[in-house]
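# Coordinate analysis (summary)
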Amino acid sequence: VFTQTSQQPEWNGPFLAPDVFCAPTGGVCAPETGFHRYDNQPRSEATSYAFFGQLDWNITPQWKATAGLRYSHDRKQGTERVRILCWGAATCYGVPGEVFGANIPVTDVTAFSVNIPAPGDPLPPGIVTPTTFDPATGFAQRSYDATWQATTGTAGIEWQPDEDTNAYFKYSRGYKSGGFYVGIFTFLAPNAYAQKESVDSFEVGLKKNFGPTIQANLAAYYYKYDNLQVPISVFSGFGQIAINCYNVPKSISKGFEAEITWLPIDNLQLLLSYSYNDAYV
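Residues numbered from 1 in each chain as written. Predicted model: local features only at pLDDT ≥ 70, side-chain atom pairs only at ≥ 80, totals over all residues. Heavy atoms only, no water.

### Remarks on the side chain of D74
What counts is decided by this rule: The helix and strand labels rest on DSSP assignments: H or I over at least four residues marks a helix, E over at least two residues marks a strand, and numbering proceeds from the N terminus. Exposure classes here rest on a 1.4 Å probe applied to the protein chains alone. A residue is buried below 20% of its type maximum, exposed above 50%, and partly exposed in between. For the charge count, each Lys or Arg is scored as positive and each Asp or Glu as negative, with His and the chain ends excluded. The salt bridge definition used is simple: a Lys or Arg side-chain nitrogen within 4 Å of an Asp or Glu carboxyl oxygen. For the purposes of these results, a polar contact is taken to be a pair of N or O atoms within 3.5 Å, where, inside protein, one atom must be able to donate a hydrogen and its partner to accept one; residues adjacent in sequence count only when each atom of the pair is a side-chain atom.
With respect to the secondary-structure elements, D74 resides in strand β4 (residues 63-87). There is no salt bridge for the buried D74, and the closest opposite charge comes from K76, which lies 6.7 Å off by N-O distance. At 2.7 Å, the side chain of D74 and the side chain of S48 are in polar contact. There is a polar contact of 2.7 Å between the side chain of D74 and the side chain of Y175.

### Let's talk about the pattern of salt bridges
Taken as a whole and assessed by the stated rule, the structure comprises eight salt bridges. In this structure, E158 and K64 form a salt bridge, with 4.0 Å as the shortest nitrogen-oxygen distance. In this pair, E158 is assigned in strand β7 (residues 140-159) and K64 in strand β4, connecting sequence segments 94 residues apart. On the basis of relative accessible area, E158 is assigned to the partly exposed category, the value being 29%. Residue K224 pairs with D226 through a salt bridge whose shortest N-O separation is 3.6 Å. Here K224 falls in the partly exposed class, since its relative accessible area comes to 25%. Residues joined in a network through salt bridges with shared partners are R173, D200, K224, D226 and K250.

### Quick word on the pairing of strand β8 (residues 165-176)
Where a strand is regular, its side chains alternate between the two sheet faces. Defined as follows: Between any two strands, at least two bridges found by DSSP are needed for them to pair.
Where β7 and β8 come together, seven bridges link them in antiparallel fashion. If you follow A155 over to β8, its bridge partner there is Y171. In sequence, β7 turns back onto β8 through a hairpin of five residues. As paired elements, β8 and strand β11 (residues 197-210) share 12 bridges and run antiparallel to each other. Counted as the bridge partner of F169 is V204 from β11.

So, in structure tokens, the structure goes:
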């Protein structure tokens, strides 16, 4: 994905002050960019497999129990290759671009605004290669690779004393694999990795027909999330912005829903519904 502005020759170089703004590439700036102001070339692949089974048991004609179990394994890997240019703007890294009178390659300055580990230091989670800069193209590149797994399941019971009544209780353990926030705004995300997300779901409900004209559906629920995945905008010390993946340690969503359907006469249906949700972190 890229944006191109051929009417502005400054977007294509050459870049001045390379000793300052191209330090990560040994003071060598890309000779030209093809007038691409923004160029993002991510490549990724995902592999997922699971084993699962479910058992339904009619204990009596009125009672039924359900139990299920699942194991999931996910792997995501790929590379992020990006370049974005900044020219003649006073907001570029908090330094007026007009002072230098030249294009400023953002990916080269990225090294000053993002914690790129020093040789021997551990890499951020999920990032398997340090960020490198190609002086021939001006691109910054790094690679990702991570796996997640989880054992989840469900259990529930239903009670149906007659054909017009169904009451139930259900518990489920859910799982969402982790991932990476790939793509740039004005610099590479310093924390692109997201941990897996899980939820414990509890629900109790009643479905009831009152004669042939009234039907009521009632349900109450409670969801408890661990490591809820949320994208958060962050700023660097140079005034740049990026999106980080953040895992909220604990969050709750609880409430209830009610729906009543009434058919007073033929060809007329009235619906009344109400829902309440209380969510917090």
